[in-house]
Structure formats: C-alpha cells, structure tokens
Amino acid sequence: MGQVIRSSRTLHEYELLREIGSGGFGVVFLAHARHLGIRVAVKRFKRTAGDTQKALSDWARESALHQRISHPNILKVHDAFLDRGELYLVTELASGSLDDLCVAGAPLAFPRNRDSVIRAGIHLSSALHFLHEGMSSSTRVVHRDVTPKNVFYFRRTSLFKLGDFGISKRLNHPDDVALTHVANWRFVSFDLIRDGFTVPQSDLFQLGLVLHSIVARRPIVPIGASISQARRAIARGDAHKAIAATTDIDPTVRSVLKRLVIRDRDRRFLSARDVHQAFVALAR
C-alpha cells in the first residue's frame, strides 16, 4: 500500500466539520486542513467486516489513478492516507455536485441557461478527452460513472469538474473494453445495456444525460426507478426522445445533446475531442 499513500499525514491534520455526502463508497466530510490553511473535502472509504482486502484494493486503485491526473476540469487531490485502519482521500472543496444543484426545488446555484450548458459541456468534454486520449499514448481511462453526483461546480470560478474514479477502468489497448460495472443505473450508457461493456464513447452517452439534467432539473430516468425500469428506458431510446421534446433548450445545444445520446455509436460523437470542439463552436 505504501506506493499509493501520498503522505504520512494522519487525520490529526484535518478538522472534520460536518458530513456533506455519503453513498456506497463511504462518507464525505467538510474539513479544515490545518497544514494547508484551507477547507477541503475528506472522503472516508466504507469498510465492513470481511471486505478489508476489497476496500484496500478499491481505495488503492482510485487514489493511485486520481493522484496521476492533473487537469483543470478534474477534481484535484490534495492527499491520500491510511489512519487507524481507515482509508482517506482528500480533494479540493466544490460548491456542490450537480446531484445537489440540478433537482427540483434546489437553490439556483448557477444560471440554467444556454451559456451554463455550453460551459459545462466544454469543461467536462475536456476532462473526458484527457482521460480518453491525453494521459499517455498507451493508456486510456473510461470513467464509467459520469453522473450528476460526480460532476462538481465551483461557483466563484464557474468551473465544472469531474471527480470520483472509484469504478474507472484503464484500457491499455485500442480494442480494450471495460466489462460490466454500474454505480447508477439511471445514468447508465446504452452500450453497457446492449453489449455488456463500455468504451470511451460510453462516457459521452452519460455526459449527454448529465447535461440534459442541467436544463431539465431532473434526470431522464426518474428518481426511484428500479434497475429494470432504468434499463428499459435507456434501451428504448428515452434519452433521445426526452431531449428532442425539451422545448427550453436552445436548438443548437439540443442538436449536440441529441447526438451524444444516439444509441448507434457510429452516429454518436466519435470522441470527447469532437464533443469539445462542438461546444466551443457553440460558445463562439
């Protein structure tokens, strides 16, 4: 484990102020980093009796990958350490995730307009392009969990950033695929349902679902839907139909979102670079 522990610091350097999130991975706290003099997010990984090795493996994979990544639209990692048998990952503190901000009744944390969707599209497609093609000539990473919960917004700078690499998969060959692994069925890619695997283009399908949620303030697959209901909705093309029917999206933006969620990969955007160029063109 030593090679993936970024520092020898312990929880003593962090004053945990309050819980700000939780899920299958564990708990996230708002904290004050005493040695840095700033507020940060401290993620404590969930561990239960009998799964110690799996927790260590999951934590090692995410912390090792995340620490290699440096990109303006990917959540920055400050620290990773082991303390009294608990595993921690420390990241920069965002204003909130889209899961918090893009739901009915949520405070309007950023304008729900054409510029916001385009800005989010530019930032997140840039992050995905870096993962898919920019890390090295021999390494591609498919995120597999591009969902509102893992997209973070920074109000002061109007930045959108992608985080949480808990189920991401490194692909070492152009023909490699990532086998089935789903964290949120409401934002699953069509490729996984049809083929049982994901590729970098699958992240683009999920990106389309996420960007639509910014405008609609609700996911295409309703909250509370069962796994089977979510699978059927994505399989029958509800994403494309919902975006086509959403009248409060600028037509030029809607055309890009519709292409992101086309079920046929040959007709979808071929790369995150293409998506980024499309949103930059809209911004101009």
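In the block above lies the structure referred to throughout.
Numbers given for residues are sequential positions, taken from 1 along each chain in its written order. Note on the predicted model: pLDDT of at least 70 is required for a residue's local features to be given, and 80 or more for side-chain atom pairs to be given and counted; whole-chain, interface and lining totals, by contrast, use all residues. To obtain the side-chain values, all non-hydrogen atoms of the structure were used and water was disregarded.

Draft legend 1. Here's a closer look at the side chain of Thr147. Among the secondary structure elements, Thr147 is positioned in the loop between strand E7 (140–142) and strand E8 (151–154). Residues in contact with Thr147, not counting those within four places in the same chain, are Asn184, Phe187 and Val210. Helix and strand assignments come from DSSP, with helices taken as H or I runs of at least 4 residues and strands as E runs of at least 2, each series counted from the N terminus. The criterion used for residue contact is that any of the two residues' heavy atoms lie within 4.5 Å.

Draft legend 2. Structural context of the packing of aromatic side chains. Stacked, edge-to-face and tilted labels apply to pairs of Phe, Tyr and Trp rings (six-membered ring for Trp) whose centres lie within 6.5 Å, assigned for plane angles under 30 degrees, over 60, and everything in between, in that order. Counted under the stated rule, the structure contains three aromatic pairs. Ring centres 5.1 Å apart and planes at 20° place the aromatic pair Phe81 and Tyr88 in the stacked group. Under the relative-accessibility criterion, Phe81 is labelled buried at 0%. On the accessibility criterion, Tyr88 (4% relative accessible area) is buried. Here the aromatic rings of Tyr153 and Phe160 are separated by 4.9 Å at their centres, their planes lie at 45°, and the arrangement is tilted. The same class applies to Tyr153 as to Phe160, namely buried. Through successive ring pairs, a cluster of aromatic residues spans Tyr14, Phe81 and Tyr88. Two conditions define a charge sitting above a ring: the NZ of Lys or the CZ of Arg must be within 6 Å of the ring centre, and it must be within 35 degrees of the ring normal. One residue, Arg259, lies across the ring of Phe269, its end atom 4.2 Å from the ring centre. The lysine or arginine in question, Arg263, covers the ring of Phe190, its NZ or CZ lying 5.8 Å from the ring centre. In this scheme, a residue with accessible area under 20% of its type's maximum is buried, one over 50% is exposed, and one in between is partly exposed, where area comes from a 1.4 Å probe on protein chains only.

Draft legend 3. Here's a closer look at helix H5 (residues 200–216). Taking 1.5 Å as the rise per residue, H5 with 17 residues should run 24 Å; its terminal C-alpha atoms sit 25 Å apart, in good agreement. Burial analysis of H5 places 17 of its 17 residues in the buried class, which makes it a mostly covered element. The positive-phi residue at the C-terminal boundary of H5 is Arg217, with phi of around 60°. Expected helix span is given by 1.5 Å per residue-to-residue step, counting one fewer step than there are residues.

Draft legend 4. Region of interest: unusual backbone geometry. One non-glycine residue, Arg144, lies in positive phi territory at about 75°. Its location among the elements puts Arg144 in the loop between E7 and E8. Residue classification places Arg144 among the buried positions, given a relative accessible area of 11%. Notably, Ser158 is not glycine yet its phi reads approximately 60°, a positive angle. Turning to its location among the elements, Ser158 is positioned in the loop between E8 and strand E9 (159–162).

Draft legend 5. Up close: the nonpolar core. Each nonpolar core is a collection of buried residues, namely Ala, Val, Leu, Ile, Met, Phe, Trp, Tyr and Cys, held together in the definition by side-chain atoms within 4.5 Å. Leu128, Leu131, Leu209, Leu211, Ile234, Leu257 and Phe279 are the most contacted members of the largest nonpolar core, which has 53 residues in total. The element best represented in this core is helix H3 (residues 114–134), accounting for nine residues. Apart from residues no more than four positions distant in its own chain, Phe279 is found in contact with Val117, Ile118, Gly121, Ile122, Leu211, Val256 and Leu257. The next biggest cluster of nonpolar side chains, apart from the first, holds eight residues, and it includes Ala31, Val40, Phe81 and Val90.

Draft legend 6. The sheet that holds strand E1 (residues 14–23), seen in detail. The five strands are arranged E1-E2-E3-E5-E4 in an open sheet whose pairing can be described as antiparallel. Taken across any chain shown, the strands that pair with only one partner, and hence form the sheet edges, are E1 and strand E4 (77–83). Adjacent strand axes in the sheet meet at a mean angle of 25°, parallel and antiparallel pairs treated alike. Two strands form a pair only when DSSP identifies at least two bridges running between them. Sheet topology note: the strand E3 (residues 38–45)/strand E5 (residues 86–92) ladder contains five bridges and is antiparallel. For Val42, the partnering residue across the bridge sits in E5 and is Val90. Axis angles are defined between N-to-C directions and span 0 to 180 degrees, where every axis is a line fitted to C-alpha atoms and, for a helix, only to the segment in contact.

Draft legend 7. Examining the environment of Ile193 more closely. Secondary-structure assignment places Ile193 in helix H4 (residues 190–195). When its relative accessible area of 15% is taken as the criterion, Ile193 is described as buried. Between the alpha carbons of Ile193 and Arg231 there is a distance of 6.7 Å; along the sequence they are 38 residues apart. Discounting residues that sit within four places of it in the chain, Ile193 has contacts with Trp185, Val188, Arg231, Ile234 and Ala235.

Draft legend 8. How the structure looks around the pairing of E8. Judged by which residues are buried, E8 turns out to be covered on both faces: Val151 and Tyr153 on one side and Phe152 and Phe154 on the other are all buried. Pairing geometry for strand E6 (residues 96–97) and E8, over two bridges, is antiparallel. Counted as the bridge partner of Gly96 is Tyr153 from E8. Connecting E8 to the next strand, E9, in antiparallel fashion are four residues, including Ser158 with a positive phi near 60°.

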